[in-house]
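# Notes for the structure review
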Amino acid sequence: MTKLMLLAILVAGCAKEPPKPAPVAGLSAAEIQRAREACRAYADAACRCAGSAGAQQCALAKPLPEALEMAIQAADQAGEAPTTQPRAEVLVRETVKECVDALAKLPALGCR
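Residues numbered from 1 in each chain as written. Predicted model: local features only at pLDDT ≥ 70, side-chain atom pairs only at ≥ 80, totals over all residues. Heavy atoms only, no water.

## Observations regarding the environment of Cys111
Topologically, Cys111 is positioned in the segment after helix H5 (84–105). The buried category is assigned to Cys111, whose relative accessible area is 4%. In this view, Cys111 contacts Cys49 and Leu106; residues no more than four positions away in its chain are not counted. (Helix = DSSP H or I, 4+ residues; strand = E, 2+ residues; numbered from the N terminus. Buried < 20%, exposed > 50% of the residue type's maximum accessible area, 1.4 Å probe, protein only. Contact = heavy atoms within 4.5 Å.)

## Regarding the pattern of salt bridges
Inspection of every chain in the model, using the stated rule, returns four salt bridges. Two residues, Glu89 and Arg93, come together in a salt bridge whose shortest N-O distance is 3.9 Å. One end of the pair, Glu89, and the other, Arg93, are both in helix H5, four residues apart, so they sit about a helical turn from each other. The closest approach of N and O atoms between Lys97 and Asp101, which form a salt bridge, is 2.7 Å. Pair noted here: Lys97 and Asp101 are both in helix H5, with a separation of four residues, about one helical turn. Classification of Asp101 by relative accessible area gives partly exposed; the value is 31%. Residues participating in the shared-partner salt-bridge network are Glu31, Glu89 and Arg93. (Salt bridge = Lys/Arg side-chain N within 4 Å of Asp/Glu carboxyl O.)

## Digging into the nonpolar core
Core analysis: the biggest nonpolar cluster contains 23 residues, and Tyr42, Leu68, Val92 and Leu106 have the highest contact counts within it. Considering each element in turn, this core owes the most residues, eight residues, to helix H2 (residues 29–48). Discounting residues that sit within four places of it in the chain, Tyr42 has contacts with Gln57, Leu60, Ala61, Leu64, Cys99, Ala102, Leu103 and Leu106. (Core = buried A, V, L, I, M, F, W, Y, C linked by side-chain atoms within 4.5 Å.)

## Remarks on the state of the cysteines
Under the counting rule described, the total for this entry stands at three disulfides. Put simply, Cys39 and Cys99 are joined by a disulfide, and their sulfur atoms are 2.0 Å apart. Here Cys39 and Cys99 share a disulfide; its torsion about the S-S bond, 95 degrees, makes the bridge right-handed. One end of the pair, Cys39, is in helix H2; the other, Cys99, is in helix H5, and 60 residues separate them in sequence. In this structure Cys99 comes out as buried when scored by relative accessible area, which is 0%. Note that Cys49 is cross-linked by a disulfide to Cys111, the S-S spacing being 1.6 Å. Looking down the S-S bond of the Cys49 and Cys111 bridge, the torsion is -75 degrees, so its handedness is left-handed. Here Cys49, found in the loop between H2 and helix H3 (51–61), pairs with Cys111, found in the segment after H5; they are 62 residues apart in sequence, far enough to count as distant. The connectivity of the disulfide-linked cysteines in the protein chain, indexed sequentially, is 1-5, 2-4, 3-6. (Disulfide = S-S within 2.5 Å.)

Written as structure tokens, this is what we have:
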């Protein structure tokens, strides 16, 4: 009898569904706009820079706005898979960080 009760308790405890994760707030329109502006500003500034440092920075900067757009699209379309959206949002934020950090380093390379 004790084994049967213990088995019933275990089955009842295992039958509960795990709690669902809280919904992700997502990227705001303002955050997306700032991200686009930051990456465009870096690409524009890097390609205006003269000399070999400018040419190298321009080559590195040109793909970042497109990479940002791809990450934004992935975050926007990630509704089907609950773990995909947060990962895509992290990718958006990491890409923006790269744009901002690289823009801040341009003056040290002789770019204005």
